[in-house]
Amino acid sequence: MTQKKVLKVGLDSAAPFPMHSDYNSENFEGFEVDLLKAITDHLGLEIEYQVSLWSTILEQLFKGELDIICSAVTVTPSRRHILEFTNPYLHFRLCAVINQEDNLRGLNDLKNKTIGIREATEAERYVHANFPANNMVHAETNKDLYRKLQAGKIDLLIDDSPIAGGFLQKNKKLKIGLYLPGTDSQYAIAIKKGDIQLKEQFNEVLSLLKENGVYQTIYKKWFNNIQF
C-alpha cells in the first residue's frame, strides 16, 4: 500500500469562523474544513494542519514551509505575484460592523470615526488607502477586534462579510452597518508559487464538487443565514 502524500496546510491562529474554527478547540470545523476534506479525499491526500499568526502565514507558504493555505485568503494582485491561487470558492465584500444602536448611511459617516482592523489583512489595507486620517486601532485576532467594539474602544470595525456574519450570529448587540462599495473580493486556496500541478488538480476537483452538488451542500450548511 503506497503512503498518501501529506499536504502541509496553513491555518490562521485567529480562527475566522465560519470559514473554520480554532484548530485547538474541541470541535475543529467550518466551511473550509469540509471543503478541503472533500478535495483531498478525492485526490487521496493526507492533511497536516499547521497553525500560526496571520501576519507570518503567507511568508511561510512563500518560503515553502507550507504547501497550501486554506484559511480565508483573499485573492489580490500583489499576492498573485508570490503565490498560486486556485479558482475562487467564495465571493464576498468588506463591511463595517457597528453597535445595534448606531447607524451608517454611507462612507461619509466613517469620517472622524475610530476604526478597528486586523493586522496584515485586506481590511487594513482598505482603511489605510481610503481613510488615512482616521484614528485606527489594530488587533491581532478577530475576537480582540469585536471585543474592542463592544467595549466602546472603537466606533466600528472593518471585516470580511462572511467572518462578520459568523460573529454576528453569536452576538446580537452588533450589526453590519454598511457593505463597502467597490470591495468585491474572493477567497481561494493559496498554493506555493510554481506548484501548477497541484493547482490544476484542485481546480479540477473544485469544478467537480460544484457539478455534483457537494459544494452547494457544504455552502448551505455553513452560510444558510449569512448574507454577504
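Refer to the structure printed above.
Bear in mind that the values here come from a model prediction, so they are computed numbers and not experimental data.

Below, the discussion takes up the packing of aromatic side chains. Applying the stated criterion to the full structure yields 15 aromatic pairs. Each ring, one from Y23 and one from Y49, has its centre 5.4 Å from the other, and the planes form 55°; the classification is tilted. Here Y23, found in the loop between β1 (5-12) and α1 (31-43), pairs with Y49, found in strand β2 (residues 45-52); they are 26 residues apart in sequence, far enough to count as distant. On the numbers, 6.4 Å between centres and 55° between planes, the contact of Y126 with F131 is tilted.

Turning to the nonpolar core, a few remarks are in order. Counting residues in hydrophobic clusters, the biggest one holds 46 residues, and the most contacted among them are M19, F31, I68, Y89, V97, I189 and F202. Broken down by element, the residue count for this core peaks at 6 residues, all from α1. Sequence-distant contacts of I68, defined by excluding residues within four places in its chain, comprise L7, K8, V9, G10, L36, L61, I189, A190, I191, L198 and F202. Counting 16 residues, the second-largest nonpolar core is a separate cluster that includes L94, L104, M136 and L178.

In this structure, the amide linkage connecting F17 to the following residue, P18, adopts the cis form with an omega of 10°. The residue P18 is located in the loop between β1 and α1 in this model. With a phi close to 55°, A72 is a non-glycine residue in the positive phi region. Of note, A72 is situated in the loop between β3 (68-69) and α3 (77-82).

Conventions adopted
Residues numbered from 1 in each chain as written. Predicted model: local features only at pLDDT ≥ 70, side-chain atom pairs only at ≥ 80, totals over all residues. Heavy atoms only, no water. Phe/Tyr/Trp six-rings, centres within 6.5 Å; stacked < 30°, edge-to-face > 60°. Helix = DSSP H or I, 4+ residues; strand = E, 2+ residues; numbered from the N terminus. Core = buried A, V, L, I, M, F, W, Y, C linked by side-chain atoms within 4.5 Å. Buried < 20%, exposed > 50% of the residue type's maximum accessible area, 1.4 Å probe, protein only. Contact = heavy atoms within 4.5 Å.

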